[in-house]
Amino acid sequence: MRTRRLGKTALRASQVGLGTWPLAGNAGLAGYGAVDPERAEATVRAALAAGITLFDTAGIYGDGFAESLLGRLLPGGEGGAVVCTKGGFSHFAQGRAPDRRAFKAEVAASRDRLRREVIDIYLLHNPPPVLIGLPDVYRPLQDLRDHGWIGHIGVSVARAIDGWLALDRPEVEVVQLPFNLLNTQADQGLLSRAADLGKAVLAREVLANGWLSGRYGPASTFAAGDFRQHLPAEVKAAIAGDRAALEPYRRPGESWVDFSLRFVLDRPEISSAIVGARHPQQIEALSKAGTLSPSPSWHPAD
Ligand SMILES: NC(=O)c1ccc[n+]([C@@H]2O[C@H](COP(=O)([O-])OP(=O)(O)OC[C@H]3O[C@@H](n4cnc5c(N)ncnc54)[C@H](OP(=O)(O)O)[C@@H]3O)[C@@H](O)[C@H]2O)c1
């Protein structure tokens, strides 16, 4: 498993990271269906065995379930896994920022669940664009960083345009956002800007929530409790059409998962591709992608 440096920070981590949203069920936030604690544990153990050292989570995933799982299973100490978690979600959803007290309580709860003195990376979880540019939003986290509770501050956004706002803030060292074969908005300048500024980009939803896994098509249905079941038929058809248009670029014998990971990991500006595997068997493809090298630009298959 190759590692990459996270921007200008002193952190290095595996170029493929494990995202823990799909492991955490639906408590606190709609997810990928019912939680299966044994399978979740086996998936994290398989990731560790494959050399994955970057784990993405959030206090809200399974109402603390995902953080507690990582707290129990990850090695601590120097050279251990790098943990990225997030907070402020419920406040941001109401259009306001958590105050100092609220942030302190959230970070304290995450530290307890993760069993870590220092949280390597702490991200604002989906802040509305109007708040991303305000210095006051970051002050509580800067204080907690000064107190040694947080290593690095960042922002997790759903749209690349909001990522631009985050890159402009001097407090922000890490930006997390979707980047995949079907969503290349980050490639409209943001990736190179982040590299110029020495800020880490964590690419997430690399498999477009499973739509790039090759397992699903327009007629696919999902289990009760899986947020993907609510996608309208016309959207599923559009995704299938967009994916079909990429078919000529897939190398002979290359799976959709391999192709999707290659596309993201070809980019040297990306520190890690975060994939939400939810079965231990799904780790194998992540392990394979861990050997890929970045190239200066993406080349279609020859
Ligand atoms: N706002 C935010 O901050 C935010 C939002 C979204 C995600 N995230 C983070 O980013 C991570 C990645 O996003 P995501 O998990 O939603 O999307 P993703 O990684 O694009 O897709 C996850 C889905 O892909 C399928 N999958 C994973 N590995 C596979 C493999 N090797 N082979 C075949 N299928 C595979 C699984 O689907 P099935 O097994 O069901 O087929 C899984 O549920 C999350 O886990 C979370 O940590 C953050």
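That block above? That's the structure.
Bear in mind that the values here come from a model prediction, so they are computed numbers and not experimental data.

Engineer: Can you explain the site of the ligand? Please cite residues and give values.
Structural biologist: Close to the ligand lie 29 residues, the nearest being G19, W21, S213, G276 and Q282. Its residues assigned to classes, the shell around the ligand shows 12 nonpolar, 11 polar and 6 charged.

Engineer: Outline unusual backbone geometry, listing residues and values.
Structural biologist: One non-glycine residue with positive phi stands out, namely N126, at about 60°. Relative to the elements of secondary structure, N126 occurs in the loop between β6 (119-125) and α5 (129-132). For A208, which is not a glycine, the phi torsion comes out positive at approximately 50°. Relative to the helices and strands, A208 is located in the loop between β9 (200-204) and α9 (233-246).

Engineer: Go over the pairing of strand β10 (residues 270-275) with me, naming the residues and quoting the values.
Structural biologist: Counting buried positions along β10 yields 6 of 6 residues, so the element is predominantly enclosed. The pairing of strand β3 (residues 16-19) with β10 spans 3 bridges and is parallel. Bridge pairing in β10 places G17 opposite I274.

Engineer: Quick one: what's the story with the packing of helix α4 (residues 100-114) against helix α6 (residues 135-146), residue by residue and with numbers?
Structural biologist: It is the contact of α4 with α6, at a shortest axis distance of 9 Å, that shows an interaxial angle of 50°. Between α4 and α6, the interaxial angle falls into the category oblique. When you trace α4 past α6, the crossing you get is right-handed. Between α4 and α6, the contacting residues are R100, F103, K104 and V107 on the first element and P140, L141, D143 and L144 on the second.

Engineer: So what's going on with helix α2 (residues 65-73)? Residues and values would help.
Structural biologist: Looking at α2, one finds that the buried residues are F65, A66, E67, L69 and L70. The inward-facing, buried residues of α2 abut α1 (37-49), β4 (54-56), β5 (82-87) and α4.

Engineer: Got a sec to walk through the environment of E173? Specific residues and values, please.
Structural biologist: Structurally, E173 is set in the loop between α7 (160-168) and β8 (174-178). Setting aside residues up to four positions removed in sequence, E173 forms contacts with G7, T9, H152, I153, G154, K199 and A200.

Engineer: Residues and numbers for the environment of G148, please.
Structural biologist: Along the chain, G148 turns up in the loop between α6 and β7 (150-156). Taking the C-alpha atoms as reference, G148 lies 42 Å from W256; in sequence the two are 108 residues apart.

Engineer: Describe the sheet that holds β6, listing the residues and the values that go with them.
Structural biologist: On the basis of which strands lie adjacent, the closed barrel formed by 8 strands has the order β3-β4-β5-β6-β7-β8-β9-β10 and parallel pairing. Each adjacent strand pair in this sheet contributes to an overall mean axis angle of 30°, direction not counted. In this structure, β9 lies alongside β10, joined through 4 bridges in parallel fashion. Residue pairing across strands places R204 opposite I274, the latter belonging to β10. Lying on the sheet, α4 is in contact with β5, β6 and β7; it crosses β5 at an angle near 145°.

Engineer: Go over the nonpolar core, please, and point to the residues and values.
Structural biologist: Within the largest apolar cluster, 84 residues are counted, with the highest numbers of intra-cluster contacts made by A203, V264, A273, V275 and L286. Residue contributions to this core peak at 6 residues, all from helix α10 (residues 256-265). With near-sequence residues (within four places) excluded, A273 lies in contact with Q15, V16, G17, A203, V206, L261, V264 and L265.

Engineer: Before we move on, can you summarise the pairing of β6 with the specific residues and values?
Structural biologist: Counting buried positions along β6 yields 7 of 7 residues, so the element is predominantly enclosed. Across 4 bridges, β5 lies against β6 in parallel orientation. Note on β6: the bridge partner recorded for G87 is L124. Here β6 runs beside β7; their pairing, made up of 6 bridges, is parallel. Within β7, the residue paired with H125 across the bridge is S156.

What counts, and at which threshold
- Residues numbered from 1 in each chain as written.
- Predicted model: local features only at pLDDT ≥ 70, side-chain atom pairs only at ≥ 80, totals over all residues.
- Near = placed C-beta within 6 Å.
- Nonpolar A, V, L, I, M, F, W, Y, C, P; charged D, E, K, R; others polar.
- Helix = DSSP H or I, 4+ residues; strand = E, 2+ residues; numbered from the N terminus.
- Buried ≥ 20, exposed ≤ 12 C-beta atoms within 10 Å, placed from the backbone.
- Pairing = 2+ DSSP bridges.
- Axes fitted to C-alpha atoms, helices over the stretch in contact; angles between N-to-C directions.
- Parallel < 35°, antiparallel > 145°, perpendicular 65-115°, else oblique.
- Left-handed = near helix turned anticlockwise from the far one by under 90°.
- Contact = placed C-beta atoms within 7 Å.
- Core = buried A, V, L, I, M, F, W, Y, C linked by C-beta atoms within 7 Å.

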